[in-house]
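Residues per chain are reported as follows:
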Amino acid sequence: MLYLLIACRSEAASVLSVSFPLPAMGQLWDPQALLLVLAWLGFQGLLYLLPLGKVTQGMPLHDGTRLSYRINGLHALVITALLAAVGISCGLRLSYVHDRCIQLSVAATIASFVLSAFLYTRSLFVPESALAPGGNSGNLVYDFFIGHELNPRIGTFDLKYFCELRPGLIGWLIIDLAMLMKEWETQGSPSLAMLLVNAFQLLYVLDALWHEEAVLTTMDIVNDGFGFMLAFGDLSWVPFTYSLQAHFLVGHPQELPIPAVVTIVLLNALGYYIFRSANSQKNTFRRNPSDPRVAGLETIPTATGRQLLVSGWWGLVRHPNYLGDLVMALAWSLPCGVAHALPYFYVTYFTALLIHREARDEHQCRKKYGSAWNAYCSRVPYRIFPYLY
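Treat the numbers as computed from the prediction; the structure is a model and nothing was measured. (Residues numbered from 1 in each chain as written. Predicted model: local features only at pLDDT ≥ 70, side-chain atom pairs only at ≥ 80, totals over all residues. Heavy atoms only, no water.)

**Some details on the overall build of the chain**
For the chain, the helix and strand inventory stands at 16 helices and six strands. Relative to its length of 389 residues, the chain is compact, with a C-alpha radius of gyration of 22 Å against a globular reference of 21 Å. With respect to the three principal axes, the spread of C-alpha positions in the chain is 60 × 55 × 40 Å. Here the chain holds 389 residues, and the buried ones make up 51% of them. A separation threshold of at least 6 residues defines the contact pool for the chain, and within that pool the share at least 24 residues apart is 75%. If you sum the accessible surface of the chain, you get close to 18,200 Å²; carbon and sulfur atoms cover 67% of it. In the chain, the 25 positive side-chain charges and the 25 negative ones have mean positions that sit 7 Å from each other. (Helix = DSSP H or I, 4+ residues; strand = E, 2+ residues; numbered from the N terminus. Rg over C-alpha atoms; globule rule 2.2 N^0.38 Å. Buried < 20%, exposed > 50% of the residue type's maximum accessible area, 1.4 Å probe, protein only. Contact = heavy atoms within 4.5 Å. Areas by Shrake-Rupley, 256 points an atom, 1.4 Å probe, with all protein chains shown as cover. Lys, Arg positive; Asp, Glu negative; His and termini not counted. Charge placed at Lys NZ, Arg CZ, Asp CG, Glu CD.)

Spelled out as structure tokens, the structure:
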């Protein structure tokens, strides 16, 4: 992550070579940056505790019980955005986030380590039923990384669920906005490329928080423990690497012709349409298979009593939502031009991530559905990319 941020701020912006000298260790550490990260986490924690939004039940746990979750991430985003707007109108220099981005990323990483150490220590004193199946290997390093406890909570405050969407995703948008403000300071106005990146990524985060309840059915919440992997990913990796395109544009502004703008906007719209339509189809079917919107879709019965969709989006490829995600990822990188590979790190990394996640999904589904899953794979041979993979 640090390598990418340093490369992004160099004149060459090359992933293969970084300008020297590199920052000294003393330049990476900033107590003020750590205080700012802790204040951000505390602020988002307070918003999480506000009695706004509905309370819903999660998926059944191994013992048959369900945990309650408050769905108010969108409220947190709106309040954060309003306060940011007030602050900027009162002279808040949000571009400070750009200037101290490397120090802030180091501080967020330290916070991730401390949180992970706390999570592992407390997991040693919880009952066996509270442990994550995949993080209960007996190997300290592995369990620390993957997560020993499934749903660590302090009272009703669910640490994993809080970190999954709040500080990282909303922080990502704040960093994007800070990059826009920095470009405004240096160039006199934000470029069309910067506006596109901010708009595309705002839409993505808004969608995630609007459909916040859907995260309760994901692998991260249902199967994975909460350890360093998720803590670092949520608090450091997501906000500081997913905003790489906006960061790149500050030092490497791009002029986009109108035909290119139209093409990029249409590409992002296509990706979002696939992503949202596929997820909505799946979620509607899960809630009510008799819903008129999905009642006519063809299915395969399983021994668990659930049905597998083999038509609609889920008859095209096994993971159409991943396909839409990757099309959007490409659209986020294109405003940065094609002269540098660095802005395309995200789409490259995300492709590898989703292929790995798809393999995990395959393993879980084959284990859960057995011969029904094999029949589904025969009907739908392509995993993510039609006719390719």
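Having put the structure on the table, let's press on.
**Observations concerning the side chain of His148**
Tracing the chain through its elements places His148 in the loop between α7 (140-146) and β3 (153-154). When near neighbours in sequence (up to four residues on either side) are disregarded, His148 contacts Tyr120, Ser123, Leu124, Leu131, Ala132, Gly135, Asn136 and Asp143.

**A look at unusual backbone geometry**
Positive phi values are uncommon outside glycine, yet Tyr387 reaches one of about 65 degrees. Checked against the element boundaries, Tyr387 lands in the segment after α16 (371-379).

**What about the packing of aromatic side chains?**
Considering all chains together, one arrives at 29 aromatic pairs under this definition. Ring centres of Tyr242 and Phe350 lie 6.4 Å apart, and the angle between their planes is 75 degrees; on these two criteria the pair is classed as edge-to-face. With a gap of 108 residues between them, Tyr242 in the loop between α11 (228-241) and α12 (244-251) and Phe350 in helix α15 (residues 345-369) connect regions that are remote in the sequence. The class for Phe350 is buried, based on a relative accessible area of 6%. The ring of Tyr69 has Arg153 sitting right over it, with the charged end atom 4.9 Å from the ring centre. (Phe/Tyr/Trp six-rings, centres within 6.5 Å; stacked < 30°, edge-to-face > 60°. Lys NZ or Arg CZ within 6 Å of the ring centre and 35° of its normal.)

**Concerning α15**
Along its 25 residues, α15 runs 35 Å from first to last C-alpha, staying within 8% of the 36 Å computed at 1.5 Å per residue. Of all the residues in α15, the buried ones are Tyr346, Val347, Phe350, Leu354, Glu358, Asp361, Glu362 and Tyr369. Along its buried surface, α15 packs onto α9 (192-210), α10 (219-222), α12, β6 (307-309), α14 (320-333) and α16. One or two positions beyond α15, positive phi appears at Gly370, with a value near 60 degrees. (Expected span 1.5 Å × (residues − 1).)

**Focus: the pairing of strand β2 (residues 68-71)**
Covered by surrounding structure in β2 are Tyr69 and Ile71 only, the residues Ser68 and Arg70 on the alternate face being uncovered. Two elements, strand β1 (residues 54-57) and β2, share four bridges in a ladder whose sense is antiparallel. Residue pairing across strands places Gln57 opposite Ser68, the latter belonging to β2. (Pairing = 2+ DSSP bridges.)

**Quick notes on the packing of helix α1 (residues 2-9) against α12**
In the contact formed by α1 and α12, the axes pass within 8 Å of each other and the chain directions differ by 25 degrees. On the basis of the axis angle, α1 is roughly parallel to α12. Contacts between α1 and α12 involve Leu4, Leu5, Cys8 and Arg9 from the first element and Leu244, His247 and Phe248 from the second. The class makeup of the residues in the contact of α1 with α12 is five nonpolar, one polar and one charged. (Axes fitted to C-alpha atoms, helices over the stretch in contact; angles between N-to-C directions. Parallel < 35°, antiparallel > 145°, perpendicular 65-115°, else oblique. Nonpolar A, V, L, I, M, F, W, Y, C, P; charged D, E, K, R; others polar.)

**Focus: a nonpolar patch on the surface**
On the surface, a cluster of nonpolar side chains totalling about 460 Å² of accessible area is made up of Leu192, Leu195, Ile258, Val262 and Leu266. For the nonpolar patch, the secondary structure elements donating two or more residues are α9 and α13 (258-287). In terms of residues, the nonpolar patch owes the most to one element, α13, which gives three residues. Examined against the element boundaries, Ile258 turns out to sit in helix α13. Assessed through its relative accessible area of 58%, Ile258 is described here as exposed. (Patch = residues over 30% accessible without salt bridge, like charges linked within 9 Å, V, L, I, M, F, W, Y side chains within 5 Å. Salt bridge = Lys/Arg side-chain N within 4 Å of Asp/Glu carboxyl O.)

**Topic: the nonpolar core**
Side chains of a nonpolar character, in soluble globular proteins, are inclined to be buried together. Ranked by size, the top nonpolar core spans 91 residues in total, and within it Tyr161, Trp172, Phe226 and Phe240 carry the most contacts. At 15 residues, the largest contribution of residues to this core is made by helix α8 (residues 159-187). The next biggest cluster of nonpolar side chains, apart from the first, holds 17 residues, and it includes Leu308, Trp314, Ala372 and Trp373. (Core = buried A, V, L, I, M, F, W, Y, C linked by side-chain atoms within 4.5 Å.)

**Some thoughts on α1**
Turning to α1, its buried residues number three or more, namely Leu4, Leu5, Ile6, Ala7 and Cys8. In this structure, the buried side of α1 is in contact with α6 (101-123), α11, α12 and α15.

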